[in-house]
Amino acid sequence: AVVSTQSGHYGRDPNRAICRGPGITGVGLLPGKPAHFEIDASKCGAGDVEVTVIGPDGSDPVKVEYAASGDTPGIYTGTYHPKDEGEYTVNVTFCGVDVPKAPFKLNIYGDGPRNKLDLSKVKCEGPGLTGEDILPDDKAWFKINYLEAGPAEPKVEIVGPDSQPVPFTVEQDGKGEQYVQYKPPKFGMYNVAINFGGMPLPNSPYKVKVTPQVDASKVKISGLAQVVRIGDSPVFNIDTSAAGDGKLEAQIISPSGKVLKHIIDDDDKGHHTIKINPSEVGTHTINLVYGKVPVPHGPFNVKVRPESEPDKVKLEIGMDTIRLGKPTSFHVDTSEAGNGDLKLRILDDKGNEVDVFQDITVGGKTEYTFTPTKEGTYTIDASFAGVPVIEKELKAEPRLKLDKLNIFGDGLNSNKPLKVGEECKMTIDASRAMTGAIKIREKDPSKMSADHDKADLELLVVGPDGRPVALEIEESDEGVFKVAFTPDKAGEYLFVAESEGVAAPKCPINLKARGLKSVKIYGPGVEPLGNICGFDTHFIVDAREAGEEKLSVDIAGPGTGEFKPQPTIMEQKKGLYHVKYDQSLHNNYKVEVKYGDEKLNKGKPFKPKVHTHNVGAFNASRRRVEIQVTHMALEAPESASVDDYIDLNLKFAQRFKQTASVCGTQPPQVKVLGPNNKLVDTKTNVKDSMYKIRASPVEVGPHKVVVRCADSDLVYGAFNNMFNITT
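This one's a predicted model, so the numbers in the text were calculated from it and none came from an experiment.

Colleague: It is not clear to me how the sheet that holds strand β20 (residues 235–239) should be interpreted in this structure. Could you clarify?
Modeller: Each strand in a sheet pairs with another by means of backbone hydrogen bonds, the pair being arranged parallel or else antiparallel. Ordered by their spatial adjacency, 4 strands build an open sheet running β18-β20-β24-β23, and the pairing between neighbours is antiparallel. With one partner strand each, in any of the chains shown, β18 (220–222) and β23 (262–266) form the two edges of the open sheet. The sheet shows a mean angle of 20° between the axes of neighbouring strands, taken without regard to direction. Pairing of β18 with β20, which is carried by 3 bridges, proceeds in the antiparallel orientation. Bridge pairing links S222 to N237 in β20.

Structure representation (C-alpha cells):
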C-alpha cells in the first residue's frame, strides 16, 4: 500500500522518518497474531509512504494495512498478520527511499517465550538522563540495566536542541548492562530515546535540559581600559563572587590570529586575575567564559601599543616670547609616549646650557622652570628613548619695551595747564610694549613700601613743594592703565615713568597746575561805586597761589579811540599785580581780567560805574546836571620843551554850552596840570564855542587838561597825557 503525506512544513527528507512498534522490532509477535506498527513521517515533508512485508521463503505474501491516524499529518498506524515462523523483512520507504534502518529484519517463533520482553525491568539512571550538574562539553553519562528484561538489546538515540544527532559511546559489560556517555555541545533541551526490543521504554524519550549554573551577567571586569605596551605584563581583574560557582575560562587572540598564552590565578573566593605578555602591536581580543556561559558584552578588546612612541611627547608652553628676568615654566607630557627616558636641556643663543629646575612628575607630566637672564633666543632641546622629540625656540625680551609705551592725558600732550582741585587723568597704554601681564605701581622714593614684588613700571608725580603726590592706578583693559591724581596747589609738577631705573621716553614731563579759584581781585577799579570821572583808579590782582601765567586786562567804557581807558599793569611781587587806568568819561565800564587763557570772576567782567561830581542842590529854575566829556574836543601838540608856550584849543558843542550855564554866570575853567598834578600857568580866551589856552609848562613829563565848573568842584572832563614836555 502507498499512502501520501501532505505536511509542507519541511523539505522532503526520508531521514526524519521514525518507525516503531512490535511490527517493526518483532518483540512479542506470534504466528497468526496481528503485528502492529507506527510510522512517523510528520517531519519528512510532502511525499508517499510505502510499507511492505516479506515473509519466510515459500510463505504466502503478507498483507499490510495502514492509514493516517490522529490529528497530526504524516503519522500512520498499521497492521500485518504473520502466518509462519521464520524471518520477516519489513521495508519502509518515503518517496521511494528507505527510511533510517530499513529494511527491518525480525524473527517470529511459535514457542513464544523467546519473543516475550518485560520493558518494566529495564532500569536507566545517571545525570545524562536528568541534566543535573551537566554543562556543555561535560561528560554526561547514564547506565541501562536490562538483565531481567528479556532477550533483546537496548538501542539509544540522542538528538540535540538543533534536532541534530549527538554522538555517544556505549560500553557493554556483557552481563546485561550498558554504560552510555555523550557530551552536550551547548545549552538547551536534549531528547534521549531508549528502545528495547524495538519498543520505547515507558519514559522514553527522556527530556534532558542542560542549563547554566551561573549568572554571567554579574561577572565584573576591570583593567581592560589600561594602556598596554610591548614588554608590559598587564593584569586584568575578574570578579565572579556574585555570579555563582563556576569555572573561568579565557582565550586571548592576537591581531594576527594567534592564541596567546595567559595565566589565570584565583583566591577561591571568586576573585581572578589574568596576566598576559603581548608581543604584537594592535587590538587583542579576550573571550571570557564563566560556567560555560560567555560573559556578556564580550569579546573584550585590549589595544597594545609599541613599547615607546616618541612622537607622542607633547610640549605645553603658552608663548613663544618670554620675559627677561622672569621665571618661565612649561610642561612636557610623556603620558602617551610609552616607556623611555626623557632628557631635556635649554641652550642660549651661544649654545651654553641654562640652569633648569625640574619639578616632580605627575601622570606623565613634568614641569620645568628656568629664568632668562639676557635678551636673545633660548632653545628647548629634548629627546625621549634616545629619539629627538622637541626643539623649540623662545625669544627673551625685556619685561617692558619702553620705546613702545604710549602715555597721554591731561597736561601731557598740550600746553594746557592743570587746575588745582580738579582730577588730572592720564592713560598709560602698554598693550604693545609688554611681553605678558605686567605690574604698574606708584614709586616709593623712601623705599618704605610693604610691596616687595618687582614692578615693571613705576610712576611718580612730584608737587611744587617737592613731595610725592598720591596716585590712583587702575587697569581698565589688558595692558591699558588709568592713572589719576589731584593737584592740591598751583605750580610746577613733575611726572616720571620708569622701568628698572630707566625713564620712559619724554620723561620726566613737566606739568603746570593753576589755581584760578585762589586768585583774588579787589580795589576801587572793579567796584560798582566810588569812581569819579577825571581821576585815575586802580585794583589789585593777587595770583601768588595760582601759578605763573600772563595777566591781561581789557577795559571797555563809554569812550573809544583816544578816550578808551588804557590799563597799566605793574607786578609789585611775583604773582601780585597793581592795575591802574584812567576814567576820562563818566558812565558804565566793563573790566575783563584774564589769567593765562582763563577769564576770572567766573568768566564775567567787572562792571564799575564812573560818576561826575555832584553839582549840589539848585532852586526850581535849576536842575541836577552831568556834563559829558564827549561834547568837547581838545587840540594839543604831542610834545614841547620846557619854558615853551603851548597853545591849546578846546572846542565844545552847543549842548555843552547850554548845560554848563547851570553852574553859574561864569564859563567853565580850563586848567593844565603837570606830572605831579601841579597847576601850570595859563591864559584863556573864550570866543563862541572855542577855548584858546596858552600854557607855560615848567616840568618835564606828561601833562593833562582839566575842565572845571567856575563855582564848584564839578569836573566836566579830563584829557590825560595829552602832551608830553621834554627837556
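Colleague: Can you help me understand the pattern of salt bridges in this one?
Modeller: Two side chains with opposite charge may pair up if their charged atoms get near one another. Using the criterion set out here, one finds 24 salt bridges in the structure. Here K101 makes a salt bridge to E157, at a shortest N to O gap of 3.4 Å. With K101 in the loop between β8 (97–98) and β9 (104–108) and E157 in strand β12 (residues 154–159), this residue pair connects regions lying 56 residues apart in the sequence. With relative accessibility at 54%, the residue K101 sits in the exposed group. Note that E309 is salt-bridged to K312, the shortest N-O span being 3.3 Å. Residue E309 is classed as buried on the basis of its relative accessible area, which comes to 12%.

Colleague: Hey, could you run me through the sheet that holds strand β28 (residues 314–316) in this one?
Modeller: An order of β28-β30-β33-β32 is seen for the 4 strands of this open sheet, with the pairing classed as antiparallel. Whereas interior strands pair on both sides, the edge strands pair on one side only; in this sheet they are β28 and β32 (357–362). Pairwise comparison of adjacent strand axes, ignoring direction, gives a mean angle of 20° for this sheet. With 4 bridges joining them, β32 and strand β33 (residues 365–370) adopt antiparallel strand pairing. For F357, the partnering residue across the bridge sits in β33 and is T369.

Colleague: Is there a simple way to think about the packing of aromatic side chains in this case?
Modeller: Aromatic ring pairs are defined here through the distance separating the ring centres and the angle between the ring planes. Per the stated rule, a full pass over the model turns up 8 aromatic pairs. Here the aromatic rings of W141 and Y179 are separated by 5.7 Å at their centres, their planes lie at 20°, and the arrangement is stacked. Placement of W141 in strand β11 (residues 140–145) and of Y179 in strand β14 (residues 177–182) is noted, with a sequence separation of 38 residues between them. An aromatic cluster is present here, built from F330, Y368, F370 and Y378 joined pairwise through their rings.

Colleague: Sorry, what's going on with the nonpolar core here?
Modeller: Considering soluble globular proteins, one finds that nonpolar side chains tend to be buried as a cluster. Residues L405, F485 and F495 are the most contacted members of the largest nonpolar core, which totals 30 residues. Of all elements in the fold, only β38 (424–429), β40 (457–462), β42 (480–485), β43 (491–499) and β45 (509–514) reach the threshold of two or more residues within this core. Apart from the residues within four sequence positions on either side, L405 is in contact with L400, I428, D429, A430, A433, L457 and A504.

Conventions we followed
Each chain carries its own residue numbering, running from 1 in the direction its sequence is written. Owing to the predicted nature of the model, reporting of local features is limited to residues with pLDDT of at least 70; listing and counting of side-chain atom pairs is limited to 80 or more, with chain, interface and lining totals taken over all residues. Excluded from the side-chain calculations are hydrogens and water; all other atoms, namely the structure's heavy atoms, are used. When DSSP finds two or more bridges between two strands, those strands count as paired. Note on conventions: DSSP H or I runs of at least 4 residues are helices, E runs of at least 2 residues are strands, and numbering of each starts at the N terminus. Working convention: axes come from line fits to C-alpha atoms, limited for helices to the stretch in contact. Angles between N-to-C directions cover 0 to 180 degrees. By convention in these notes, a salt bridge is any Lys or Arg side-chain nitrogen within 4 Å of a carboxyl oxygen on Asp or Glu. Categorising residues by exposure relies on relative accessible area from a 1.4 Å probe, with only protein chains included: less than 20% of the type maximum marks a residue as buried, more than 50% marks it as exposed, and the intermediate range marks it as partly exposed. Only the six-membered ring of Trp is used, alongside the rings of Phe and Tyr, when aromatic pairs are assigned; centres must lie within 6.5 Å, and planes under 30 degrees apart are stacked while those over 60 apart are edge-to-face, with the rest tilted. Side-chain atoms within 4.5 Å link the members of a nonpolar core, which is a set of buried Ala, Val, Leu, Ile, Met, Phe, Trp, Tyr and Cys residues. Whether two residues are in contact is decided by their heavy atoms, any of which lying within 4.5 Å being enough.

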